[in-house]
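What the coordinates show
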Amino acid sequence: MATNQLNKYVWLVETIYRARRISLKEINRRWLANDMSDGLEIPERTFHKWRIAVEELFGLYIANEGRGEYRYYIENVSELSSGSMRSWLFNTLSVSCLLQTNIGIKDKILLEEIPEGQQYLPVILDALKKNTVLSMTYQSFFRDEENTFDVEPLCLKLFRQRWYLVARSPYYNKVMIYALDRVRHLEATESRFTYPKDFYPDEFFDGCFGIIAGDGTKVETVRLKVSAGQANYLRSLRLHESQEETERNDEYSIFTLQVRPTFDFIQELLWNGADVEVLSPTWLRDEVAAIVKRMWNHYKQD
């Protein structure tokens, strides 16, 4: 599908989303103000083709009130923030469309560098569809040498612009997680495997903060005391989907999370520095305190 056509679908969804409810007449008025229109309105028949395409591509239903101006709205608007693959795809295309229409100021738009590994996505996606065993050459963060072995792909996860492959290792007979930017070679084999009936990607990562899962860490209630300034940041960018603000005053807020306190979660707490204090569980508070003490020991002689 042409990128330009996708951009049109994205534009339509964003226009309706921003307006909440809008007539086809008003949609066309805004469309004519866009360079993609070439000065031509959207015929009603074309509009309905776009509406159907939006539903098929992104799972978003554009409905109308059926009265008055027949104003259109997104019936399942919550899907845009659901965290599903389709909502992620739409949001990614939306940003891409926005950047393309502002290419003239590209030197004023600074983006993060994306690690290598995306080139393996087509092979992995095809293997996930067909339950094909993959042969992978991998260099772990903790080893100097590369190793080549077979894995049975179970799912993909994106975390902080890095792709990870979750796969069963026949050698270790357990599910393991591999960062795609550490893969040196990857190809499909002729072998097939039976996808485990008891493996559900959502359940595997249930309660996880990031990419660490399957290490036996249980979900616990974590209470954090956060300075007023940092609390504003956590309200706009939550640490975890389970986050709730249970107390708030001028000096601090208390946030409660149902999360697995794994290594990556602890690292995130430390990243917030003195603005975040662990109140409970006690073992986690002690663990963070011990790390802070070791850090202090590195600097106290200066």
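This section reports on the structure supplied with the text.

Cut-offs and rules
- Residues numbered from 1 in each chain as written.
- Predicted model: local features only at pLDDT ≥ 70, side-chain atom pairs only at ≥ 80, totals over all residues.
- Heavy atoms only, no water.
- Pairing = 2+ DSSP bridges.
- Helix = DSSP H or I, 4+ residues; strand = E, 2+ residues; numbered from the N terminus.
- Axes fitted to C-alpha atoms, helices over the stretch in contact; angles between N-to-C directions.
- Contact = heavy atoms within 4.5 Å.
- Core = buried A, V, L, I, M, F, W, Y, C linked by side-chain atoms within 4.5 Å.
- Buried < 20%, exposed > 50% of the residue type's maximum accessible area, 1.4 Å probe, protein only.
- Phe/Tyr/Trp six-rings, centres within 6.5 Å; stacked < 30°, edge-to-face > 60°.
- Lys NZ or Arg CZ within 6 Å of the ring centre and 35° of its normal.
- Expected span 1.5 Å × (residues − 1).
- Arc of directions from axis to C-beta.
- Parallel < 35°, antiparallel > 145°, perpendicular 65-115°, else oblique.
- Left-handed = near helix turned anticlockwise from the far one by under 90°.
- Nonpolar A, V, L, I, M, F, W, Y, C, P; charged D, E, K, R; others polar.
- Salt bridge = Lys/Arg side-chain N within 4 Å of Asp/Glu carboxyl O.

1. Observations concerning the sheet that holds strand S3 (residues 132-138)
Taking strand neighbours across the sheet as the criterion, the 5 strands line up as S6-S5-S4-S3-S7 in an open arrangement whose pairing is antiparallel. Looking along the sheet, the strands with just one partner apiece sit at the ends: strand S6 (174-179) and strand S7 (183-192). Direction aside, the axes of adjacent strands within the sheet are offset by 45 degrees on average. Summarising the sheet, S3 and S7 pair through 6 bridges and their orientation is antiparallel. Directly across from Leu134, in S7, lies its bridge partner Ala188. Of the strands in this sheet, S3, strand S4 (147-159), strand S5 (162-169) and S7 are in contact with helix H5 (residues 121-130), which crosses S4 at around 90 degrees.

2. Points about the nonpolar core
Soluble globular proteins tend to bury their nonpolar side chains together. Phe205, Leu224, Phe265, Leu269 and Leu284 are the most contacted members of the largest nonpolar core, which has 47 residues in total. Per-element tally for this core: the top contributor is S5, with 5 residues. In this structure Phe205 touches Cys155, Lys157, Val166, Ile177, Gly210, Ile211 and Ala213, once residues within four positions along its chain are discounted. One finds Trp31, Val54, Ile74 and Cys97 within the second-largest nonpolar core, a separate group that totals 26 residues.

3. Comments concerning the packing of aromatic side chains
One pair of aromatic rings is described through two measures. These are the centre distance and the angle between the planes. The final tally for this structure, using the stated rule, is 13 aromatic pairs. Centroid distance Trp11 to Trp31: 4.9 Å. Interplanar angle 65 degrees. Geometry classified as edge-to-face. Here the residue Trp11 occupies a position in helix H1 (residues 3-19), and Trp31 occupies one in helix H2 (residues 24-32), the gap between them amounting to 20 residues. For the ring pair Trp31 and Trp50, a centre distance of 5.5 Å and an interplane angle of 75 degrees mean the geometry is edge-to-face. Remark: Trp50 occurs in helix H3 (residues 44-58) and Trp31 occurs in helix H2; sequence separation between them is 19 residues. There is no split in this pair, since Trp31 and Trp50 are both buried. Taken together, Tyr9, Trp11, Trp31 and Trp50 form an aromatic cluster joined through their ring pairs. The ring centre of Tyr252 lies 4.5 Å from the NZ or CZ of Lys225, which sits over that ring.

4. Comments concerning helix H9 (residues 282-299)
Helical periodicity: at 3.6 residues per turn, an α-helix aligns residues three or four positions apart in one direction. The end-to-end C-alpha distance of H9, which contains 18 residues, comes to 26 Å, matching closely the 26 Å that a straight helix rising 1.5 Å per residue would cover. Residues Leu284, Val288 and Ile291 constitute the buried set of H9. Seen end-on, H9 carries its buried residues on one side only, within an arc spanning 60 degrees. Opposite its buried face, H9 presents the exposed residues Thr282, Lys293 and Trp296, each directed more than 90 degrees away.

5. Regarding the packing of helix H8 (residues 263-271) against H9
The N-to-C vectors of H8 and H9 enclose an angle of 60 degrees; their axes lie 11 Å apart at closest approach. Taken together, the axes of H8 and H9 lie oblique to each other. In this structure, the crossing between H8 and H9 has a hand that is right-handed. The segment H8 lies against H9, with Phe265, Ile266, Leu269 and Leu270 engaging Leu284, Glu287, Val288, Ile291 and Val292. Along the lines of polarity and charge, the residues of the contact of H8 with H9 split into 8 nonpolar, no polar and 1 charged.

6. Digging into the sheet that holds strand S11 (residues 276-280)
The strand order across the open sheet formed by 4 strands is S9-S10-S8-S11, and the pairing between neighbours is antiparallel. Edge positions in the open sheet fall to strand S9 (244-248) and S11, since each of these has one partner strand only. Mean inter-strand twist for the sheet, computed between neighbouring axes without regard to direction, equals 30 degrees. Across 4 bridges, the pairing between strand S8 (residues 220-227) and S11 is antiparallel. Looking across to S11, one finds that Arg223 is bridged to Ser280. In this fold H9 packs onto S8 and S11, with an angle of close to 145 degrees to the strand it touches most, S11.

7. With respect to the environment of Glu56
Here Glu56 lies in helix H3. Between the C-alpha atom of Glu56 and that of Glu113, which follows or precedes it by 57 residues, the distance is 32 Å.

8. Side note on the pattern of salt bridges
Enumeration over the complete set of coordinates arrives at 10 salt bridges. For Arg30, the salt bridge is made with Glu26, and the minimal N-O distance between the two is 3.0 Å. Remark: Glu26 and Arg30 occur in helix H2; sequence separation between them is 4 residues, near one turn of the helix. A residue is classified by how much of its surface remains accessible, and Glu26, at 22% relative accessible area, is partly exposed. Here Arg285 ties to Glu277 by a salt bridge, and the two come within 2.8 Å at their closest N and O atoms. Classification of Arg285 as partly exposed rests on a relative accessible area of 36%. Judged by its relative accessible area of 32%, Glu277 falls in the partly exposed class.

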